[in-house]
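Listed below are the residues making up each chain.
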Amino acid sequence: MSRTNHSISVVSLRIILDPFILIGLLLVLAKIYGVPFSGKYIALSVVTMILYRYVSRNIEIFRMNSMLHTIRDVFIVWGVIISSMVLLMLLNNFTEGMQHFFKPVIFAWVIISPYVLLLSRLAVNMIANWLRGEKEVISAVIVGINPTSRHLIKELKELSEPYINILGCFDDRVDDRNSSTLKNEFGPILGSINNVAEYVRMNKVQKVYISLPFSSHPRIRAIVDELHDATASIYF
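To start, this report covers the structure provided alongside it. (Residues numbered from 1 in each chain as written. Predicted model: local features only at pLDDT ≥ 70, side-chain atom pairs only at ≥ 80, totals over all residues. Heavy atoms only, no water.)

A word on a nonpolar patch on the surface
Thought 1: On the surface, I71, F75, I111, I112 and Y115 cluster together into a nonpolar patch covering about 450 Å² of accessible area.
Thought 2: At 3 residues, helix α5 (residues 103-132) tops the list of elements feeding residues into the nonpolar patch.
Thought 3: Mapped onto the elements of the fold, I111 is located in helix α5. (Patch = residues over 30% accessible without salt bridge, like charges linked within 9 Å, V, L, I, M, F, W, Y side chains within 5 Å. Areas by Shrake-Rupley, 256 points an atom, 1.4 Å probe, with all protein chains shown as cover. Salt bridge = Lys/Arg side-chain N within 4 Å of Asp/Glu carboxyl O. Helix = DSSP H or I, 4+ residues; strand = E, 2+ residues; numbered from the N terminus.)

Details of the side chain of N146
Thought 1: Its location among the elements puts N146 in the loop between β1 (137-143) and α6 (147-158).
Thought 2: Contact partners of N146, with chain neighbours within four places excluded, come to F186, S211 and L212. (Contact = heavy atoms within 4.5 Å.)

Brief notes about the pattern of salt bridges
Side-chain pairing between opposite charges can occur once the charged atoms of the two side chains come close.
Thought 1: Considering all chains together, one arrives at 1 salt bridge under this definition.
Thought 2: D225 is the salt-bridge partner of R221, the closest N and O atoms lying 3.4 Å from each other. Remark: D225 and R221 occur in helix α9 (residues 217-226); sequence separation between them is 4 residues, near one turn of the helix.
Thought 3: A relative accessible area of 43% means that R221 is categorised as partly exposed.
Thought 4: Looking at D225, the relative accessible area reads 42%, which means it is partly exposed. (Buried < 20%, exposed > 50% of the residue type's maximum accessible area, 1.4 Å probe, protein only.)

Okay, here's the thing in structure tokens:
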């Protein structure tokens, strides 16, 4: 299975599973408390599914795979969903809306749900990685040395999958006086920006991250043009 197809399949599985996990948890809690799962709870389940699909797509979750990003995304999405439900209840009289539900069920559901979602994400990732076998190592280079590229390197190193091997950086403002210091922070300095295309082709680099200011748009355009016949994916 290719890396792209693998990513798409995992993301699709998460988007499909998560709403049903939330509804299943609500059903289990209703059973535990001896509350019939009908009428208002079915309506709540439908609203949850609709809101989850809408919010998850618009917030663009699942874009990163590190644990910190996963935790952040789960709590953001769940927070938006609960806030939306509260707003709907306020528009329809909050007290009147809540009296239709057994409060311990709802409170337990609100508190437990994000943690159950996190566990399901971990399980999906573990199963996907097991089915996939050995993780693919993807080679990458970064064009431009600045605070943005520093943050980018930190983010890439946090990724749990795939393993991204940052081969080094390209920049025109590097000399012998500071190259050793920059190497410790950014990795090997591979040359000037004019050397990017040649290096990418010779080393079959799979990803090129361009981290140049917007004022350098002509240079960015030139790099993209030079790499038009390369197989690397370009990000900027």
